[in-house]
Amino acid sequence: MSARRIFCRFCGAAGSHRFGKDRQRRQRFKCPHCSKIFTLRTRTAKSGSQLSDEQWRMALRLFSLRAGMSGTDLSAVLCVHRRTGQKLNRILRRLTVGLRPRTLPGVSEWDESMFSKQWVLGGVSRQSGQCLLQIVPNRTEETLVPIVERHSDPEGFVFTDEWGGYINLLRHMTVCHAREFVNPQATFVHTNTQEGVWGHAKALSWHTYRGIPKPSLPQFLCEIMFRYNIRSYQTRFSVLSALLSRKTNSLLS
Ligand SMILES: [Zn+2]
């Protein structure tokens, strides 16, 4: 890689030049503008890590699998301590937080489900296939209606079950889950796509992770959305690779 293309990890200036190697034999660079010394890991999610690039690449590959892998299994594959595997999963999970969709175009299906004794509202767009999951304090109309209105398409229909919390939504059609799973008067009215999202989410939370700790639920929901919304393994891997080498100040903890 040409040193001329290396941008300073501290001030962003171009033209940093090679400046020896660090203890792990990684190339260091020195910025001509602020005189600070850095490597390509400085101020990225990999900063301060003792793991090799190959171990990071393998962790990224395994995290990009559709079903994911628990931190304990990951540590066994990478031959590292169990806590290192768990921390790797935590860092990669936090990278997915910014990928949450904002709106669901066209017709959307909405439903609620319980995770770690906490209600989660979920919606999925039939047009884009993207899902959106959000923790809600309860299932009242005051809570549910503003969220659904904010994230659904103002031109598109909203399909839900007959739960009273959705009753005042506009352009709204329902299916009565006490009687059937598809509205017999209009067979396109159902929430089966959203049921599929719950199936995907529960498989991850029950089988891969054996339960989700309540404080980490927001990050887990982002991971679930990342896995559902990006269908191809290669795209998930490329997106995570780009996020991992991006300059950041807040990912390590
Ligand atoms: Zn600089």
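Residues numbered from 1 in each chain as written. Predicted model: local features only at pLDDT ≥ 70, side-chain atom pairs only at ≥ 80, totals over all residues.

### Here's the deal with the overall build of the protein chain
Along the protein chain, the regular secondary structure elements total seven helices and eight strands. Here the protein chain, with 253 residues, has 27% of them falling under the buried criterion. Sequence separation of 24 or more characterises 50% of the internal contacts of the protein chain that already satisfy a separation of 6 or more. (Helix = DSSP H or I, 4+ residues; strand = E, 2+ residues; numbered from the N terminus. Buried ≥ 20, exposed ≤ 12 C-beta atoms within 10 Å, placed from the backbone. Contact = placed C-beta atoms within 7 Å.)

### Observations concerning the packing of helix 1 (residues 53-63) against helix 2 (residues 71-78)
Viewed as axis vectors pointing N to C, helix 1 and helix 2 meet at an angle of 140°, and their least axial separation amounts to 11 Å. Taken as axis vectors, helix 1 and helix 2 run oblique relative to one another. Here the hand of the crossing between helix 1 and helix 2 comes out right-handed. Contacts between helix 1 and helix 2 involve Gln55, Met58, Ala59 and Leu62 from the first element and Leu74, Val77 and Leu78 from the second. Each residue belonging to the contact of helix 1 with helix 2 can be placed in one class, and the counts come to six nonpolar, one polar and no charged. (Axes fitted to C-alpha atoms, helices over the stretch in contact; angles between N-to-C directions. Parallel < 35°, antiparallel > 145°, perpendicular 65-115°, else oblique. Left-handed = near helix turned anticlockwise from the far one by under 90°. Nonpolar A, V, L, I, M, F, W, Y, C, P; charged D, E, K, R; others polar.)

### Describing the pairing of strand 2 (residues 27-30)
Pairing geometry for strand 1 (residues 17-21) and strand 2, over three bridges, is antiparallel. Bridge pairing links His17 to Lys30 in strand 2. Adjacent in sequence and paired antiparallel, strand 1 and strand 2 are bridged by five residues, among which Arg25 carries a positive phi angle near 65°. Of the strand pairs in this sheet, strand 2 and strand 3 (residues 37-38) are connected by two bridges, and their pairing is antiparallel. Bridge pairing in strand 3 links Phe29 to Phe38. The turn joining strand 2 and strand 3, which pair antiparallel and follow one another in sequence, is formed by six residues; a positive phi near 65° is taken by Ser35. (Pairing = 2+ DSSP bridges.)

Everything listed here is a matter of geometry and, on its own, says nothing about what the molecule does.
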